[in-house]
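# A look at the structure
Spelled out from the first residue to the last, the chains are:
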Amino acid sequence: MSNVEKIDLELGGFAVSFRPQLGANMVRLLHKESGLEILRTPPDDATYRTKPEIWGMPVLMPPNRIRDGRFVYQQREYQLPVNEPMPRHTCLHGIILHKAWEFNQLSSNCVEMHISYPGTAANEGWMHTFEANLQYKFSSDQVEQQLVFTNTSDLTMPLMVGFHSAFNFPDKAEFYLDADNVNRTLDDLRKIVDGKSETVPDWQRFRSLQHGERVLGHFAMKRNDKTNAELLIRYPQQPWQMRYQLPEPWREWVIWNNLGTENFICVEPQSCRIDAMNIGLPLQEAGVIELLPGAAQAFKSSIVIEKI
């Protein structure tokens, strides 16, 4: 199935909506037994097209911001589109957020979306061709997600990946996050890392947010000898909770809820730090994956709905 803008399906124990023509985004995830809407779902098509990154689970490559859209890798200069005006002047959310993906339903409980990126032919400053395949498998109470990037170019590709995962967060909900309590602070003007940090209260305890309470931060994941770093959300007057589970190579979180008045929270996994190519760290420490020609890298995650 190609050239399909919106697809609504019932898969496993979920009612699901996808937007393959705008970034391979799963924009709705309703758990039928509990009646819980897990993701932030756009109210209409026009609202979604305006800012697709703040709904559902869009794919970002590279994630977050790159200052001036520019970096140098292996003596090659990359100049990506600058889509945030001054004073920020960054490449925001990468080069595939608005791209069309091909959609296929593989079975009664499995779908996949696929994109072939044309490299320099896209005229976006990214010189690598690559393939990306995003697969979802559904059971009664679980969604398994796997995203695979394959470098089809003749050059080693610096791979940086994220999801702008937006979750419903109703009043009096609580969340727990496996995150370090050292926040890599962002410059107030440009919203990119400023090389400073601050210590914040422990994320590894359940907490609620008051109406109008804003959260914004960039934190390392903590696993505490577990396979997965997790986000847990508990819902008011519900015996259910949601677990969002992420194994390596996911390693960073970005947290954002805009003004704190819209009953959502974006808890965004990234494989790398914000502006990873420009922060002066060794690439491995910054989370950049150097993907050789012909090589592939998988990123897995799962969402589990369970009774408390």
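What comes next is a walk through the structure. (Residues numbered from 1 in each chain as written. Predicted model: local features only at pLDDT ≥ 70, side-chain atom pairs only at ≥ 80, totals over all residues. Heavy atoms only, no water.)

## Thoughts on the overall build of the protein
Quick note on the threshold: To qualify as a helix, a DSSP run of H or I must reach at least 4 residues; to qualify as a strand, a run of E must reach at least 2; elements of each kind are numbered from the N terminus. Computation of the radius of gyration draws on C-alpha atoms alone. For the globule rule, the value is 2.2 Å times the number of residues to the power 0.38. With a 1.4 Å probe rolled over the protein chains alone, any residue whose accessible area is under 20% of its type maximum counts as buried; one over 50% counts as exposed, and the rest are partly exposed. Should any heavy atoms of two residues lie within 4.5 Å, those residues are considered in contact. For accessible areas, the Shrake-Rupley method is used with a probe of radius 1.4 Å. Any residue's cover is judged against the shown protein chains and nothing else. Within this scheme the basic residues Lys and Arg register as positive and the acidic residues Asp and Glu register as negative, but His and the chain ends are omitted. A charged residue contributes its charge at one atom only: NZ of Lys, CZ of Arg, CG of Asp or CD of Glu.
Counting its secondary structure elements, the protein contains two helices and 26 strands. Taken against the 2.2 N^0.38 rule, which gives 19 Å for 308 residues, the C-alpha radius of gyration of the protein at 19 Å falls within 12% of a compact globule. Projected onto its principal axes, the C-alpha positions of the protein cover 55 × 50 × 40 Å. By the burial criterion, 53% of the 308 residues in the protein qualify as buried. Considering only contacts in the protein between residues 6 or more positions apart, those separated by 24 or more positions represent 64%. Within the structure as shown, the protein displays about 13000 Å² of accessible surface, and the carbon and sulfur contribution to it stands at 45%. With 31 positive and 38 negative side-chain charges, the protein shows a spacing of 3 Å between the two charge centroids.

## What about the environment of P63?
For P63, the position within the fold is in the loop between β5 (59–60) and β6 (65–67). Assessed through its relative accessible area of 3%, P63 is described here as buried. It is 18 Å that separates the C-alpha atoms of P63 and N151, two residues lying 88 residues apart in sequence. If near-sequence neighbours (up to four positions away) are discounted, P63 is found in contact with M160, V161, G162, Q270 and C272.

## Examining the environment of K51
For K51, the position within the fold is in the loop between α1 (45–50) and β5. Sequence separation between K51 and H98 is 47 residues, and the spatial gap between their C-alpha atoms is 9.8 Å.

## Focus: the packing of aromatic side chains
Note the following rule: Classification of ring pairs rests on two measures: the distance between centres of Phe, Tyr or Trp rings, Trp counted by its six-membered ring, which must be within 6.5 Å, and the angle between planes, read as stacked under 30 degrees, edge-to-face over 60 and tilted in between. A ring is considered to have a charge above it if a Lys NZ or an Arg CZ atom is located within 6 Å of its centre and within 35 degrees of its normal.
Within the structure shown, the criterion is met by 17 aromatic pairs. Aromatic side chains W203 and F219 sit 5.1 Å apart centroid to centroid with 70° between the ring planes, which places their arrangement in the edge-to-face category. With W203 in the loop between β19 (193–199) and β20 (216–220) and F219 in strand β20, the pair connects residues that are 16 residues apart, well separated along the chain. Across the pair, exposure class does not vary: W203 and F219 are buried alike. In this structure, R40 is placed above the aromatic ring of W55, and the distance from its NZ or CZ to the ring centre is 3.9 Å.

## Re unusual backbone geometry
Between M61 and P62 the backbone carries a cis peptide bond, its omega angle lying at -10°. Within the secondary structure, P62 sits in the loop between β5 and β6. Residue P87 is reached from M86 by a cis peptide bond, and omega for that bond is 10°. Topologically, P87 is positioned in the loop between β8 (76–79) and β9 (90–92). Phi at D68 takes a positive value of approximately 60°, unusual for a residue other than glycine. Relative to the elements of secondary structure, D68 occurs in the loop between β6 and β7 (70–73). A positive phi angle, close to 50°, is found at N224, a residue other than glycine. Inspection of the secondary structure assignment puts N224 in the loop between β20 and β21 (229–234). Overall, N224 belongs to the partly exposed group, its relative accessible area being 46%.

## Some thoughts on the pairing of β7
Counted only if it meets this: Strand pairing follows a simple DSSP-based rule, namely that at least 2 bridges must link the two strands.
Side chains F71 and Y73 project from β7 onto a buried face, and the interleaved R70 and V72 project onto a face without burial. The sheet contact formed by β7 and β8 spans four bridges and is antiparallel. Its bridge partner lying in β8, F71 is registered against Y78. With antiparallel pairing between neighbouring strands as the criterion, β7 and β8 make up a hairpin whose turn holds two residues, including Q74 at a positive phi of roughly 50°.

## Things to note about the pattern of salt bridges
What counts here: Any carboxyl oxygen of Asp or Glu that lies within 4 Å of a side-chain nitrogen of Lys or Arg is treated as forming a salt bridge with it.
Per the counting criterion, the structure on display carries 18 salt bridges. Put simply, R19 and D45 hold a salt bridge, and the shortest N to O gap is 2.5 Å. With R19 in strand β2 (residues 14–19) and D45 in helix α1, the pair connects residues that are 26 residues apart, well separated along the chain. Using a relative accessible area of 3% as the deciding quantity, one classes R19 as buried. Residues D275 and R67 are paired through a salt bridge, measuring 2.3 Å at the closest nitrogen-oxygen approach. Of this pair, D275 sits in the loop between β24 (264–270) and α2 (283–286) while R67 sits in strand β6; the two residues are 208 residues apart in sequence, bridging distant segments of the chain. A relative accessible area of 2% means that D275 is categorised as buried. The partly exposed category is assigned to R67, whose relative accessible area is 24%.

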